[in-house]
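# What the coordinates show
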Amino acid sequence: MKPPICCICHKRLDYPDDGGLIYFKKRQSDKEWQKTMEKKGMVGHPPYAEWFCEIHYEKAKELKNLTIDEAMGILKD
Ligand SMILES: [Zn+2]
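One structure accompanies this document, and this report is about it. (Residues numbered from 1 in each chain as written. Predicted model: local features only at pLDDT ≥ 70, side-chain atom pairs only at ≥ 80, totals over all residues.)

### As for the overall build of the protein chain
On a plain count of helices and strands, the protein chain comes out with three helices and two strands. Reading the protein chain from its N terminus to its C terminus gives the helix and strand order β-α-β-α-α. Scaling as 2.2 N^0.38, a compact globule of 77 residues should have a C-alpha radius of gyration of about 11 Å, and the protein chain matches this with 13 Å. Projected onto its principal axes, the C-alpha coordinates of the protein chain cover approximately 35 × 25 × 15 Å. For the protein chain, buried positions account for 17% of its 77 residues. Here the analysis covers contacts within the protein chain between residues at least 6 apart in sequence; of these, 65% occur between residues at least 24 apart. (Helix = DSSP H or I, 4+ residues; strand = E, 2+ residues; numbered from the N terminus. Rg over C-alpha atoms; globule rule 2.2 N^0.38 Å. Buried ≥ 20, exposed ≤ 12 C-beta atoms within 10 Å, placed from the backbone. Contact = placed C-beta atoms within 7 Å.)

Take a look at the structure:
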C-alpha cells in the first residue's frame, strides 16, 4: 500500500480519522494486474485505488463507479 497521502492535494492523512482509500472501477489493465498479483502470491497497491483527504473523499466516493482515469479527470478539474 502507498502511504496515505491525498492524490489531489498531497495532504498527509491522519488515517483513519480523515479521508480514506477509494477503490475505483477496474479497467482491463487493473483486472490483469490483479490476476498477475494473485498468481504470484504478491500484494501491492492496486493501480485502481487512491487515497483522498477528508475534503476530497466524499467527491471521490461519488465517482467510484468510474475508472480511476475518468474519476481523476473530473476530480482534478
Ligand atoms: Zn485532498
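From this point, things continue past the structure.
### Side note on the nonpolar core
Listed in full, the 10 residues of the largest apolar core are Cys6, Ile22, Phe24, Tyr48, Trp51, Phe52, Cys53, Ala60, Ile68 and Ala71. Where this core is concerned, the elements lending two or more residues are strand 2 (49–52) and helix 3 (68–75). Sequence-distant contacts of Ile22, that is, excluding residues within four places in its chain, are made with Ala49, Glu50, Phe52, Ala60, Lys61 and Lys64. (Core = buried A, V, L, I, M, F, W, Y, C linked by C-beta atoms within 7 Å.)

### Considerations on the environment of His45
With respect to the helices and strands, the residue His45 is situated in the loop between helix 1 (28–40) and strand 2. Taking the number of C-beta atoms within 10 Å as the measure of exposure, His45 has 12 and is therefore exposed. With 42 residues separating them along the chain, His45 and Pro3 place their C-alpha atoms 9.7 Å apart. With sequence-adjacent residues up to four places away left out, His45 is seen in contact with Met1 and Lys2.

### Brief notes about unusual backbone geometry
Not every positive phi belongs to a glycine, and His10 is a case in point at roughly 60°. Tracing the backbone shows His10 in the segment before strand 1 (20–23).

### Digging into the environment of Lys40
Note on placement: Lys40 falls in helix 1. Sequence spacing of Lys40 and Lys26 is 14 residues, and the spatial spacing of their C-alpha atoms is 19 Å.

Just distances and angles here, no functional claims.
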